[in-house]
Each structure stands twice: as structure tokens, then as C-alpha cells.
Amino acid sequence: KWTTDDGRIMVNGQPLVLKGVNYFGFETETYAPHGIWDHNLNDMLDFIKDNNFNAIRVPFSMEMVRDNPVIMNVHCHNNPNLCGTSALRMLDIFIDRAAERGLLIVLDNHRTQSGGYISPPLWYNNSAGYPEDEVIRLWKHLVMRYKNQWNVFAIDLKNEPHDAATWGRSNRNTDWNQAAERMINALHEFPGLFFVGGIEWGGRFENAAQYPIETGHAHLNERVVYSPHCYGPDVYDRSEFHVENMHEYAKNLDRIYTAKYGFLAEKGYPVVIGEWGGKAKPGTRDAKWNKWFVDWIRDKCMTNNFYWALNPNSGHPGGLLEDDWKTPIQHKLDLVNRAQPNPTKFKTHNKKICITKGT
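By the naming in an unreviewed UniProt entry, the protein goes by Cellulase 1 and is assigned to Pristionchus pacificus. According to UniProt, the comment filed for the protein under the heading Sequence similarities (unreviewed entry) is "Belongs to the glycosyl hydrolase 5 (cellulase A) family."

Here is the structure:
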């Protein structure tokens, strides 16, 4: 049973300690996790498990769910039985193999249409044939498919609402908080958690202080998780990253991020960082920000997180792996290990799930 209590995420009444990573590909034109064009999928999942992660956030597109195309760009010899597989069957296999390794799954509605471009700003896209009711229909299809899959513990309703997206403005066409409430109510059969990102690319929740997610049902409200995204100068440079004095630097960033979403944890709302990261090369401004960010989320007790990303082909942030998809980038692994050194562990045994507490 998944729920929340006083800012904590709970599994069967015990606190869940999350150390997650994003692993993308299903939302692109290949309709499959990236890297399997050269490497065995099992090796990728083993890397995640062996590095003490316990969860994967899996981006997908609504187009993938609707059309269920055949996956592309798979090394058939290294991935027997995957070539010619449909996208949803590939997702089944991915989730099952993750379960074998005790890895939880968050399904992330990352894009409306598959491709390498940015998702539309709102949760619907009428011009592309994805009005709100169609998005909910496709979500229901996934929910019914996986509602009995033990390791699919959460769904992320919409990746990074931005531009026109608002919160608390009483505008049905743009208010993301109201849309999230409608979607959660429509998807009430899902037994897991509902991740709700902020507006302005996932990072802003100021209006949630006055307008928190309110579904009208206590059993749904207690499964809502606020999921901000946050990046440093390698992804989007800002003036606050150029403050040289470390005391002023930390004080200023704390003020900015507490106002954006840090206050949620202070008020006792459950928070999971859905994306963070960057190249963080030693000696750079981005490394300075990443170190500060890890210290800050530890100080705020917001260390449940999903690092972006496993994939090296991730543009500005890069990934945990070098371009060969094999060599780990140790200074990044050190960061995520400091952020969450002792996550909850899951192990399947005799058709039961054994849980080892994290701290």
C-alpha cells in the first residue's frame, strides 16, 4: 500500500526512502529505452541496481500509448526476443525486468507526440488530436494495464508544464492544479501515488501554498506528491549562480528555492525531486551548484529524488554514463550517493516482496 503521512512517502505503513534515476527513450521515435541499440537491456538495469538505486522514472509519450508502434533501433543479437516487439510490450518487459531487480517504476507523461522536441506547455494538445479527455483515456489505459503490477508505484501526470500553464487562477484551460485534480479523480483506480510537477518547467509551486491539490477525497489527497524539477547553470544559467561569496551564494539560493518549493516540505507536504543534475565537472560553476543543491535537499529533508539521467545522450545535463554507455561518471555517482546513501530495498522471494528499511 502506497500513501503519504506528514511529508513522508509510506509503503505498508513504513517510510519509503527513494534513490531514483531517469532512464528515457520510450518518449522518442525509437519507442524504447535508449542504449539497447548497442547494449543488453539487462546490463543497463543491472547498472542501476548495482549502484544502489531503487527506482526508475520512465518517460513516455501519449502517441506511444495510442499507436503502440513497433520499437526501433534495437541490437537484436544483444537483446534476443526484443526485436519486432510493440512499444507497450517493450514497456511490459522493462517493468518486469525492473521488478526482478527490486526497482520501482514511475510512469512519466513526458510528451504528447514522440520525438526529440519539447513537450507542449499544457497537459493537452488540441491541435495534435490530444484534448484533455483523450489524455485521460490514454492514462486510464496504462493504469488498467499496470494497476496490479507491484513495482509501478507512481504516475507523473505531466512533465514540466510551462509558458501558458498557471496555478490557482481559476482558468480551466490553463490551471494545472485544477487539471491535476480532475486527472487524479479520473484515475482513482490506480492504487499508487500521483506525482504533480510545478509550472514554469516544473520548478514553481508558490501558489500551492494557497491552492494545494485538493481532489475532494481524502484517500486520493493522501497519495498526492509534489515533484519539482531543478537544474544548475549547465542547463539554464541564471544570475544567482554567479555570486562568488559562498555564504551569500548559499543564502540567496536558499531564499529562492524555499520560495519556489522548499516551503512545501516545511509545511509537511510530500516532495520528491523528479529531475535534477548537470555535468558538474569539478571546478565549474555547475559543480558548485550541484554540491550546494545536495546539501540543501539534505538540510530540508527532501532527499527523495530521481536524478536526470542514466542516458549520456541527454544534451546539457549529460548522464551517469559516458558516451560508450558503459563507463560510469564517478563524480556524479558520488553526488547522488551523498544525496541518498541508504534507500529502501525491495527483493522478490517466493512470490512475496521483501522490504528492507532505508534511512
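Read on, since the account is not over.
## Re the state of the cysteines
Enumeration over the complete set of coordinates arrives at one disulfide. Shown here is the disulfide that connects Cys 76 with Cys 83, its sulfur atoms set 1.8 Å apart. Residues Cys 76 and Cys 83 are joined through a disulfide that is left-handed, its torsion about the S-S bond being -100°. Free cysteine: Cys 301, not disulfide-bonded; nearest cysteine sulfur from Cys 230 at 17 Å.

## Some words on the nonpolar core
Ranked by size, the top nonpolar core spans 93 residues in total, and within it Tyr 23, Leu 107, Trp 139, Leu 157, Trp 176 and Phe 293 carry the most contacts. At eight residues, helix H3 (residues 87-100) tops the list of elements feeding residues into this core. The next biggest cluster of nonpolar side chains, apart from the first, holds 16 residues, and it includes Leu 18, Ala 55, Phe 153 and Leu 193.

## Looking at the sheet that holds strand S2 (residues 8-11)
Here three strands make up an open sheet; going across it, the order is S1-S2-S3 and the pairing antiparallel. Among the strands making up the open sheet, the edge pair consists of strand S1 (2-5) and strand S3 (14-15). Here S1 pairs with S2 via four bridges, running antiparallel. Among the inter-strand pairings, Trp 2 is bridged to a residue of S2, identified as Val 11.

## Notes on the pairing of strand S7 (residues 152-156)
Counting buried residues in S7 gives five out of five residues, a clear majority hidden from the surface. The pairing of strand S6 (residues 104-111) with S7 spans four bridges and is parallel. Paired with Ile 105 across the bridge in S7 is Val 152. As judged from the three bridges shared by S7 and strand S8 (residues 193-196), these two strands associate in the parallel manner. For Ile 155, the partnering residue across the bridge sits in S8 and is Phe 194. In terms of handedness, the path from S7 via helix H5 (residues 176-186) over to S8 forms a crossover that is right-handed.

What counts, and where the lines are drawn
- All residue numbers refer to positions counted from 1 along the written sequence of the respective chain.
- At least 70 in pLDDT is required for a residue's local features to be given in this predicted model, at least 80 for side-chain atom pairs to be given and counted, and no such filter applies to totals for whole chains, interfaces and linings, which use all residues.
- Only hydrogens and water are set aside; all other atoms, that is, all heavy atoms of the structure, feed into the side-chain values.
- UniProt positions are given in the numbering used here, feature names are shortened, and annotations may be inferred rather than shown by experiment.
- For this text, the term disulfide refers to a pair of cysteine sulfurs within 2.5 Å.
- The set of buried Ala, Val, Leu, Ile, Met, Phe, Trp, Tyr and Cys residues whose side-chain atoms join them within 4.5 Å is what this entry labels a nonpolar core.
- When a residue's accessible area, from a 1.4 Å probe over protein chains only, is under 20% of the maximum for its type it is buried; when over 50% it is exposed; and in between it is partly exposed.
- Secondary structure elements follow DSSP: runs of H or I of four or more residues count as helices, runs of E of two or more count as strands, with numbering from the N terminus.
- Pairing between strands is defined by DSSP: at least two bridges between them are needed.
- Classification remark: right-handed applies to a crossover when, strands pointing away from the viewer, the course from the first strand over the helix to the second runs clockwise.

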